[in-house]
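Below, each chain spelled out in residue letters.
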Amino acid sequence: MKNKKIHNIKSTGFKTPDDYFDSVEEKIFSKLNAESVLDTIKEPGFKVPDNYFESFNDRLLNKTQNEEKTKVIPLFSRTNLIYVSSIAAAILLLFNLSVFDSKPTFDNLDIETVENYIEDESISTYEIAALFSDKQIEEDNIIDYNFDEDNIEEYLLINADIEALILD
Amino acid sequence: MIEEAQLLEQLQSKTHKNKAFKVLLELYKERLYWHIRSIVKSHDDADDVLQNTFIKIFKNIDNFKADSKLFSWMYRIATNESITFINKKSNRLKISSEELQQLAINNLTSDVYFEGDDIQLKLQKAIATLPEKQQLVFNMKYFEDLKYKDMSEILETSEGALKASYHIAVKKIEAYLTQN
């Protein structure tokens, strides 16, 4: 049944505006003409002065030969820069190297100096506390640390003197 | 015509350099001139840039490695010199390089070394509306008739990209020419 119906349909149902095929020809030609506008231009339209190319060689060769003759020694040449910068570096090194001032390290600080420093500079506990981050001191560090008697005795013998203890 | 390899050998030798350079000038000055002129537009600027280009070629020929053609190396120098020239000039005049180009196009009407008719002037105006790279590609293909393969070496861009650029450029120019 359905097949028979299809056989009966002869056209697609599309149609064109009136006179379409007459006008499409015109449109195509006008497009072709538009493209040919570009095709007609073969030259950009620039020109050069008379004898320009003939005289160019001489002018240019004069220039290249002049440049060869006058050798310019630049102030900031590479070798000059190396000399100047090496002298500057040597002077800088002189001030920066620790030849003249030996910085103290934690190993050679004696307790007295540290004590004096803390007293003279009047460092508050807050300032000292600020040097420790939260992570550094934990309760465990204090609680779990075992002070055995021998250690304490030894410490007191070496570091404490009786006067100081009495004063405290 | 002298072989490029042979010419290069002479250019890089001390004894024959000047003679070979004259040959090189004869061979390429006109082609490079028109290439530069298409970018900078005015004759005086093109003359400056052409001289700078050949001076640069003369000075740097010893460093030239034959991994590209001498011809495309020279074109590359000419292109770079032209673009540098335009950028410097626009900096000096404190305008953008696009504005400078518009100025150059407007000056063409009074330029004694421009003999183009209305339609040629219109084409120059149309070219000036394109981005820099498309202008280069259009000029090199349309007026200088270079092969895509050579353009690819000069501009260091793939052939496919160049073909696409040229196609877009032609479309834009056609649209400009039919509209205006």
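Residues numbered from 1 in each chain as written. Chains lettered and ligands numbered in written order. Predicted model: local features only at pLDDT ≥ 70, side-chain atom pairs only at ≥ 80, totals over all residues.

Focus: the overall build of chain A
Our working definition: Segments assigned H or I by DSSP are reported as helices when at least four residues long, segments assigned E as strands when at least two residues long, and all are numbered from the N terminus. Whether a residue is buried, exposed or partly exposed is read from the other C-beta atoms within 10 Å of its own C-beta, which are placed from the backbone; 20 or more gives buried, 12 or fewer gives exposed, and intermediate counts give partly exposed.
Of the regular secondary structure elements, chain A holds 9 helices and 0 strands. Helices and strands in chain A line up, N terminus first, as α-α-α-α-α-α-α-α-α. Every one of the 168 residues in chain A was classed for burial, and the buried ones make up 2%.

Digging into the overall build of chain B
How we decide: Whether two residues are in contact is decided by their C-beta atoms, placed from the backbone, lying within 7 Å.
Secondary structure assignment for chain B yields 9 helices and 0 strands. Ordering the α and β elements of chain B from the N terminus gives α-α-α-α-α-α-α-α-α. Burial statistics for chain B: of 180 residues in total, 27% are counted as buried. A sequence separation of at least 24 residues applies to 56% of the contacts in chain B between residues at least 6 apart.

Comments concerning the nonpolar core
Residues and elements named next belong to chain B. Put simply, the rule reads: Buried Ala, Val, Leu, Ile, Met, Phe, Trp, Tyr and Cys residues form a nonpolar core when they are connected through C-beta atoms within 7 Å.
Of all hydrophobic cores here, the largest spans 37 residues; its most connected members are I36, L50, V137 and M151. Those elements giving two or more residues to this core turn out to be helix 2 (17-40), helix 3 (43-60), helix 4 (70-92), helix 6 (118-128), helix 7 (132-143), helix 8 (148-155) and helix 9 (159-179). Tallying contributions element by element places helix 2 first for this core, with 8 residues.

So, the interface of chain B and chain A
Put simply, the test is: In this classification, the charged set is Asp, Glu, Lys and Arg, the nonpolar set is Ala, Val, Leu, Ile, Met, Phe, Trp, Tyr, Cys and Pro, and all remaining amino acids, among them Gly, are polar.
Listed per partner, the contact involves 24 residues of chain B and 17 residues of chain A. Of all the secondary-structure elements, those providing two or more residues to the side of chain B that touches chain A are helix 2, helix 3, helix 6 and helix 9 of chain B. With 6 residues, the top contributor of residues to the side of chain B that touches chain A is helix 2 of chain B. For the side of chain B that touches chain A, a count of residues per class yields 11 nonpolar, 7 polar and 6 charged.

Re the environment of K133 of chain B
If you trace the backbone, K133 of chain B turns up in helix 7. Using a count of 14 C-beta atoms within 10 Å as the deciding quantity, one classes K133 of chain B as partly exposed.

Quick word on the packing of helix 1 (residues 4-12) of chain B against helix 2 of chain B
All names here are of chain B. Going by this rule: Inter-axis angles, ranging from 0 to 180 degrees, are taken between N-to-C directions of lines fitted to C-alpha atoms, where helices are fitted over the stretch in contact. For this classification, under 35 degrees means roughly parallel, over 145 means roughly antiparallel, 65 to 115 means roughly perpendicular, and everything else is oblique. By the definition used in this description, the sense in which the near helix is turned from the far one sets the handedness, with an anticlockwise turn below a right angle giving left-handed and a clockwise turn giving right-handed.
In the contact formed by helix 1 and helix 2, the axes pass within 7 Å of each other and the chain directions differ by 135°. The orientation of helix 1 with respect to helix 2, classified from their angle, is oblique. Note on packing geometry: the crossing formed by helix 1 with helix 2 is left-handed. Contacts from L7, Q10 and L11 in helix 1 reach K17, A20, F21, V23 and L24 in helix 2.

Describing helix 7 of chain B
Each full turn of the α-helix corresponds to 3.6 residues, which orients residues three or four apart in the same direction. Residues and elements named next belong to chain B. The cut-off we apply is this: Multiplying 1.5 Å by the residue count of a helix minus one yields the expected span of that helix.
Given a rise of 1.5 Å per residue, 12 residues ought to cover 16 Å, and the 16 Å separating the end C-alpha atoms of helix 7 matches this to within 8%. Lining the buried residues of helix 7 we find helix 2, helix 4, helix 6, helix 8 and helix 9. Residue D145 follows helix 7 closely and has a positive phi angle near 60°.

Things to note about the environment of Q51 of chain B
Mapped onto the secondary structure, Q51 of chain B falls in helix 3. In the structure, Q51 of chain B is positioned 27 residues away from A78 of chain B in sequence and 9.8 Å away in space, judged by C-alpha atoms. Among all residues touching Q51 of chain B, those that are not within four sequence positions of it are L60 and K63 of chain A.

Side note on the confidence of the model for chain A
The following threshold applies: Note: pLDDT gives the predictor's confidence per residue, expressed from 0 to 100.
Across chain A, the average pLDDT comes to 74, with 67% of residues at or above 70. Across chain A, element-level confidence peaks in helix 4 (residues 78-96) of chain A with a mean pLDDT of 85 and bottoms out in helix 7 (residues 139-143) of chain A with 62.

Brief notes about helix 4 of chain A
Here helix 4 of chain A spans 26 Å end to end across 19 residues, near enough to the 27 Å set by a 1.5 Å rise per residue. Of all 19 residues in helix 4 of chain A, 0 are buried; the element is thus mostly exposed.

Let's talk about the packing of helix 2 of chain B against helix 3 of chain B
Residues and elements named next belong to chain B. Two numbers describe how helix 2 lies on helix 3: the axes approach to 9 Å, and their chain directions differ by 140°. In terms of orientation, helix 2 lies oblique with respect to helix 3. For the element pair helix 2 and helix 3, the recorded crossing hand is right-handed. For the pair helix 2 and helix 3, contact is made by F21, L25, K29, L32, Y33, I36, R37 and V40 and by D45, A46, V49, L50, T53, F54 and F58, respectively. Split by residue class, the contact of helix 2 with helix 3 holds 11 nonpolar, 1 polar and 3 charged.

Considering the confidence of the model for chain B
Confidence in the prediction for chain B averages 89 pLDDT; 99% of positions are at 70 or higher. Across the whole predicted complex the pTM is 0.60, and at the interface the ipTM reaches 0.71.

Quick look at unusual backbone geometry
For residues other than glycine, phi is negative in most cases, and the peptide bonds are mostly trans. Residues and elements named next belong to chain B. The phi dihedral of K41 is positive, around 75°, even though this residue is not glycine. Locating K41 in the fold gives a position in the loop between helix 2 and helix 3. Since 25 C-beta atoms lie within 10 Å of it, K41 is described here as buried.

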